[in-house]
Amino acid sequence: MTGAAWQITAFTLAVALVATLLMLPIGVWLAWLLARRRFPGRALVETLVSLPLVMPPVATGLILLKILGRRGPIGSLLARSGIDIVFTWKAVVIAMMVMGLPLLVRTARTGFEQVSRRYEDIAETLGATPSRVFFTISLPLAFRSIVAGALLAFSRAIGEFGATIMVAGAIPGRTRTLAVAIFTMTEAGDDHEAMVLLAIAVAIGFAAVIFTNRLIRHDHAAI
Amino acid sequence: MITLQFELVQDGFTLRIDERVDGRVVAIVGPSGSGKTTVLEAIAGLRTPRAGRIAIGDRTLFSSADGIDLPARDRRVGYVPQDALLFPHMSVRRNILYGFHGAVGAGGAAPGNRPPVETVLAMLEIEALGDRPVTALSGGERQRVAVARAIMSGPLLLLLDEPLAAVDVPLRRRIVPSLERVRDELQVPMIYVTHDRGEAAAIADWTLALDAGRVVASGEIDSQ
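Values in this document were obtained by computation on a predicted structure and should not be read as measured data.

## Re helix 5 (residues 89-114) of chain A
Residue and element names in this part refer to chain A. Given a rise of 1.5 Å per residue, 26 residues ought to cover 38 Å, and the 37 Å separating the end C-alpha atoms of helix 5 matches this to within 8%. The largest bend in helix 5 is about 40 degrees, located at Gly 100, with the proline Pro 102 one to four residues further on. Here helix 5 starts with a cap whose side-chain oxygen sits 3.1 Å from the backbone nitrogen of Lys 90, and that cap is Thr 88.

## Here's the deal with the interface of chain B and chain A
Listed per partner, the contact involves 24 residues of chain B and 18 residues of chain A. A combined buried area of about 1,900 Å² lies between chain B and chain A, and 64% of that area is made up of carbon and sulfur atoms. Its largest share of buried area at the contact with chain A, chain B owes to Arg 73, Leu 85 and Tyr 98 of chain B, together 35% of the area lost on that side. If you look at where chain B meets chain A, you find two salt bridges. In this structure, Arg 73 of chain B engages Glu 124 of chain A in a salt bridge whose closest nitrogen and oxygen atoms are separated by 3.7 Å. The tally of links from chain B across to chain A stands at six residue pairs in polar contact (both at pLDDT 80 or more). Listing elements by their share of the side of chain B that touches chain A, those giving two or more residues are helix 2 (72-75), strand 7 (77-80), helix 3 (92-105) and helix 5 (139-151) of chain B. For the side of chain B that touches chain A, the element with the highest residue contribution is helix 3 of chain B, accounting for five residues.

## A word on the packing of aromatic side chains
Per the counting criterion, the structure on display carries six aromatic pairs over all chains. One aromatic cluster in this structure is built from Trp 32, Phe 112, Phe 134 and Phe 135 of chain A. Positioned above the aromatic ring of Tyr 98 of chain B, the side-chain terminus of Arg 132 of chain A is 4.0 Å from the ring centre. Geometry around Phe 87 of chain B places Arg 149 of chain B over its ring, the cationic atom sitting 4.6 Å from the centre.

## Description of the nonpolar core
Among the nonpolar cores identified, the biggest contains 90 residues, and Phe 112 and Ile 137 of chain A together with Leu 4, Ile 43, Phe 87, Leu 159 and Ile 191 of chain B are the most heavily contacted of them. With 14 residues, the single largest contributor to this core is helix 1 (residues 3-36) of chain A. Look past the residues within four positions of Ile 191 of chain B in its chain and what remains in contact with it is Ile 2, Val 26, Ile 28, Leu 40, Ile 43, Leu 157, Leu 158, Leu 159 and Leu 160 of chain B. Counting residues in each nonpolar core, the second largest holds 41 residues, with Val 29, Ile 126, Leu 186 and Val 188 of chain B among its members.

## Notes on the environment of Met 99 of chain A
Residues and elements named next belong to chain A. With respect to the helices and strands, the residue Met 99 is situated in helix 5. Sequence separation between Met 99 and Phe 161 is 62 residues, and the spatial gap between their C-alpha atoms is 9.9 Å. When residues no more than four places from it in sequence are discounted, the contact partners of Met 99 are Pro 52, Pro 57, Thr 60, Arg 156, Glu 160 and Ala 163.

## Let's talk about the sheet that holds strand 5 (residues 59-63) of chain B
Residues and elements named next belong to chain B. The antiparallel open sheet is built from five strands, whose spatial order is 2-1-4-5-6. Strand pairing shows two members of the sheet lacking a second neighbour, strand 2 (13-21) and strand 6 (68-69), which therefore form its edges. Taken together, the six bridges between strand 1 (residues 2-10) and strand 4 (residues 51-56) define a ladder with antiparallel strand orientation. Counterpart to Phe 6 in the pairing with strand 4 is Gly 52.

About the cut-offs
- Residues numbered from 1 in each chain as written.
- Chains lettered and ligands numbered in written order.
- Predicted model: local features only at pLDDT ≥ 70, side-chain atom pairs only at ≥ 80, totals over all residues.
- Heavy atoms only, no water.
- Helix = DSSP H or I, 4+ residues; strand = E, 2+ residues; numbered from the N terminus.
- Expected span 1.5 Å × (residues − 1).
- Bend = angle between axes of the 7 residues up to and from the residue.
- Polar contact = N/O pair within 3.5 Å; in protein donor to acceptor, adjacent residues only side chain to side chain.
- Contact = heavy atoms within 4.5 Å.
- Buried area = accessible area lost by both parts, 1.4 Å probe.
- Salt bridge = Lys/Arg side-chain N within 4 Å of Asp/Glu carboxyl O.
- Phe/Tyr/Trp six-rings, centres within 6.5 Å; stacked < 30°, edge-to-face > 60°.
- Lys NZ or Arg CZ within 6 Å of the ring centre and 35° of its normal.
- Core = buried A, V, L, I, M, F, W, Y, C linked by side-chain atoms within 4.5 Å.
- Buried < 20%, exposed > 50% of the residue type's maximum accessible area, 1.4 Å probe, protein only.
- Pairing = 2+ DSSP bridges.

Encoded structure:
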């Protein structure tokens, strides 16, 4: 394996991990909210979260580019404080988060829905505050689904292509991820390197799916 | 004295009750579907009546007239549901201590009726269960662990929903004395739901008979 393949693999795993960790608190909160609360605008939140699943990733990437670009509403604010997002590793993280979040939220939400409300009720009669009920009952009972959702989101992040190339480009050594590199190397005729990366991608994908399926199966058996 | 004066509607079924009951153990008897569990859930704060008042002594838990509806966590009512509902991801010990920690944090509620853990475990004969996972318990053990968990939250009233329903006859003979010890040693009033009048007579000193959401009889049990 060449130095470039190593660098690309390590970079991809690292940004996907950062994206997944940043996604977790938001995703778990949204999942719980959608599973347990009725509030105005709920349908809108549900739709917005799932939108990246059904839209062309390139289109999602273009939206992100318009928002985060130097003339965009958020990008211009950040640029004033000297923070550049687009075409940096931060853009890769954001693209991965947006594309992975729907998978985390959907899986974790199912996990929360499978937790019997009666456990939460009993905990409350025992004097537990809503936050204590969440952290000691709902969260641990939905834990496997949350981990499964995080793994799915992580896998999706590793495979992310369309949104990433729009908002972060394919700068070797800086923003080029596994999926993007497979494309650019094949296009450049560097088949050998592309095949090495392909093998790595397949191996990561296999491991993630097997692990996720095992977790989900156990979850159904436990509750 | 427990005041139960309320009307509650759920899924087309109306429960109407207007009673003051007085006893160390009040048995609620009646056929299935008569509303027994609904009464307990209303007292525990898990179902909201349409109107009325629920009080333990002069402590009002719910009053539509005064706009009072204490959240379940502030009611200090220990509820033991029929299926025990032990938290499946915790050991026996952590289940039992769950309410103990909850009660300490709950608005400064005094731990008045809370005896030492070891006393409660001995009273219910579950000292040996300690660190076992709750999935390894028998039906009778689960019920007693659930009773211990409710007691450890320091309740002012205990609600037991058919605690012997899942237990065979020889084991009942062993559990009933445990419940009698809880009644006699802790001095916590109890409401005990059962469809078995014999069981009611054995442990209770007041019965409230329900049928189809209405009270058909209420009064002290003759101690003869």
